[in-house]
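# Summary of the model geometry
Residues per chain, in single letters:
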Amino acid sequence: MVARCGPGHPLVIRNRPIDPGGRPFPTLYWLTCPEAVRAVSRLESDGWVRRLAELAQVDPDFGTRLRRAHQAYARERGRLHAGAQAWGGVGGTRQGLKCLHAHFAYYLAGGDDPAGEWVAERVDLLRLHYERPARRVAAVDVGTNSVRLLVARFPHGEAELRELARDMVITRLGQGVDRTGRLDEEALARTAAVLERYARRARALRAERVHAAATAAVREAANRDELAASVLRITGEPLDVLSGEEEAALAFQGATRGLDRDPPFLVVDVGGGSTEFVLGDREVRAAVSCPVGSVRLTERFVRSDPPASGELAAVEDAVTSTLAEVEAALPVRDARTLVLVAGTATTVQAIALGLAEYDPERIHRSVLRREDAERVFRLLADMTTDERRRIPVMPPGREDVIVAGAAIVVGVMRRWGFAQALVSETDLLDGLAYRLAGQ
């Protein structure tokens, strides 16, 4: 699911580049909302496919942007399936226009598509769905390993958010920060490219604000002003560099809001550069942010593929030492419910459940048993990076750091005697959206 319309129905979905029979499928992004489909069909009936194709021939700016949109679309197909880049761009064509629905869907997904943008100016999604007044905000979590987006609407008179879009791309912004104290230039470029796509998607979905918050890697980087400058240019808002305590509090709010389980809750947010531990009931009692995460531990201790036994022991020793420090600061054994958030935990649970494809609805607030976490940890530790990459639910870019992240999950459950944990899809990103909306 790429985006939802105001009432919550699918607006745009992402397809695989090949159909079940192995044949090329021309449309990655598919417009699915019936009202939107009808509105675009009216534009096509009025002859706008031909007129915009003619515009691309006489307007250099429109034509250049359209050609680049086709090229970017084709590259994305190629990343999803080897050889698919040669199958064409938007709607399966290499130039001109074929289908306004496909161009509009690509624009709503964040593509820099002038034809889709033209359609968006004439198809008002808010008016199309007769939406009652609501705030729309976009929250972006710029993490050590991944950059994530949540576009949400908050209908007036309602306290809970309605999700319009949620996405995650691993850019490894924190690559080498533990060693150099600086953000890598290529990582900065990768991250800026994702931020630009997110900002386009948020604005296409009529978000009033696009606000980015950064965590561990950026907190520690001497050149974080370079990222801040990109964020201000792309979003129009200053970069919000969260303290460890702020990060923990937002993760707790996002994970526990509306949670019907026995408090106190212990929320553990395993990130790439840091892990947050938060204890509370409906409000935070105490929180600790520790400089251990999947990327940091991998860069410090893992050199072999798969990890050698001594390297795994070093990772587990570092986790044990960190958890001892947490115990000294938090009464963690008071907790009755353990809640695990963020990509490491959700990926471990997806593997434990044996999912053929990632399904956030199956994962959200599902129970991860300790024996399953242990089993998945051993399985991943025995695999090479390439073997992990081929696991259907493994997000691209997580395969080389997932073992260290899983070691933190298992270490928490072992040390503090949790036989099971809830795995939450909602976390810091949701907490940030609530804060933006003043909820």
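A brief look at the structure comes next. As the structure is a computational prediction, the values presented were derived from the model and not from experiment. (Residues numbered from 1 in each chain as written. Predicted model: local features only at pLDDT ≥ 70, side-chain atom pairs only at ≥ 80, totals over all residues. Heavy atoms only, no water.)

### Brief notes about helix α3 (residues 60-80)
Each full turn of the α-helix corresponds to 3.6 residues, which orients residues three or four apart in the same direction. Selection rule: Numbering of helices and strands starts at the N terminus; helices are DSSP runs of H or I of at least 4 residues and strands are runs of E of at least 2. Multiply 1.5 Å by the residue count of a helix minus one, and that product is the helix's expected span. Note on exposure labels: buried denotes an accessible area under 20% of the residue type's maximum, exposed denotes more than 50%, and partly exposed covers the range between, all computed with a 1.4 Å probe on protein chains only. Taking the helix axis as origin, the arc is that swept by the directions to the C-beta atoms. Residue contacts are defined here by distance: any two heavy atoms, one from each residue, within 4.5 Å place the two residues in contact. Any N or O atom pair separated by 3.5 Å or less is treated as a polar contact, with the protein-specific requirement of one donor-capable and one acceptor-capable atom, and with residues adjacent in sequence counted only for side-chain atom pairs.
Between the first and last C-alpha of α3 there are 31 Å, a value that for 21 residues agrees with the 30 Å anticipated at 1.5 Å per step. Considered for burial, the residues of α3 that qualify are Phe-62, Gly-63, Leu-66, Ala-69, His-70, Tyr-73, Ala-74, Glu-76 and Arg-77. Within α3, the buried residues cover an arc of 160° as seen down the axis, which keeps them to one side. Opposite the buried face of α3, by more than 90 degrees, sit the exposed residues Pro-60, Asp-61, Arg-68 and Arg-79. Close packing links the buried residues of α3 with β2 (10-14), β3 (29-31), α2 (48-58), α4 (100-108), α5 (114-122) and α8 (185-204). Where α3 begins, the capping side chain belongs to Asp-59, and its oxygen is found 3.0 Å from the backbone nitrogen of Asp-61.

### Quick look at the packing of helix α14 (residues 343-352) against helix α18 (residues 402-415)
In a packed pair of helices, the relevant descriptors are the angle between the two axes and the axis-to-axis distance. We count it as follows: Think of each axis as a best-fit line through the C-alpha atoms, taken over the contacting stretch in the case of a helix, with angles from 0 to 180 degrees between the N-to-C directions. An angle below 35 degrees is treated as roughly parallel, one above 145 as roughly antiparallel, one from 65 to 115 as roughly perpendicular, and anything else as oblique. Classes in brief: Ala, Val, Leu, Ile, Met, Phe, Trp, Tyr, Cys and Pro nonpolar; Asp, Glu, Lys and Arg charged; the others, Gly included, polar.
Orientation of α14 relative to α18, taken along the N-to-C sense of each, is 90°, at an axis distance of 9 Å. Considered as vectors, α14 and α18 are oriented roughly perpendicular to each other. Residues Thr-344, Thr-347 and Val-348 of α14 pack against Ile-402, Gly-405, Ala-406 and Val-409 of α18. Grouping the amino acids of the contact of α14 with α18 by side-chain chemistry returns four nonpolar, three polar and no charged.

### With respect to the pattern of salt bridges
Inclusion rule: By definition, a salt bridge exists where a carboxyl oxygen of Asp or Glu is found within 4 Å of a side-chain nitrogen of Lys or Arg.
In this structure the tally under the stated criterion is 35 salt bridges. As a salt-bridge pair, Glu-361 and Arg-4 come within 4.0 Å of each other at their nearest N and O atoms. You can see Glu-361 sitting in helix α15 (residues 360-363) and its partner Arg-4 sitting in strand β1 (residues 3-4), a full 357 residues away along the chain. Judged by its relative accessible area of 67%, Glu-361 is exposed.

### A closer look at the sheet that holds β1
Basically, it comes down to this: Two strands pair if DSSP finds at least two bridges between them.
Pairing is antiparallel across the open sheet formed by three strands, whose spatial order is β1-β2-β3. Of all strands in the sheet, those bounded by a partner on one side alone are β1 and β3. Direction of pairing for β2 relative to β3: antiparallel, over a ladder of three bridges. In the strand pairing of β3, Ile-13 is matched with Trp-30.

### Regarding empty space enclosed by the protein
Think of a ball as big as a water molecule: rolled over the atoms, this probe shows where empty space is left. Threshold: With a 1 Å grid spanning the protein atoms alone, the term cavity applies to any set of points in which a 1.4 Å probe fits but cannot get out, the term pocket to an open set with protein on both sides within 12 Å along at least five of seven lines, and the term lining residue to any residue with an atom within 4 Å of a point. Grid points are joined across faces, edges and corners, and a volume is the space filled by probe spheres set on the points.
Applying the stated criterion across every chain yields a total of two cavities of 30 Å³ or more. A volume near 70 Å³ is recorded for the largest cavity. If you trace the largest cavity, you find it lined by Thr-144, Gly-174, Val-177, Asp-178, Ala-217, Glu-220, Gly-272, Gly-273, Val-295, Arg-296 and Glu-299. Where the lining of the largest cavity is concerned, the elements lending two or more residues are α7 (177-180), α9 (216-220) and α12 (294-301). If you tally residues by element for the lining of the largest cavity, the top one is α12, at three residues. For the lining of the largest cavity, the residue count by class is three nonpolar, four polar and four charged.

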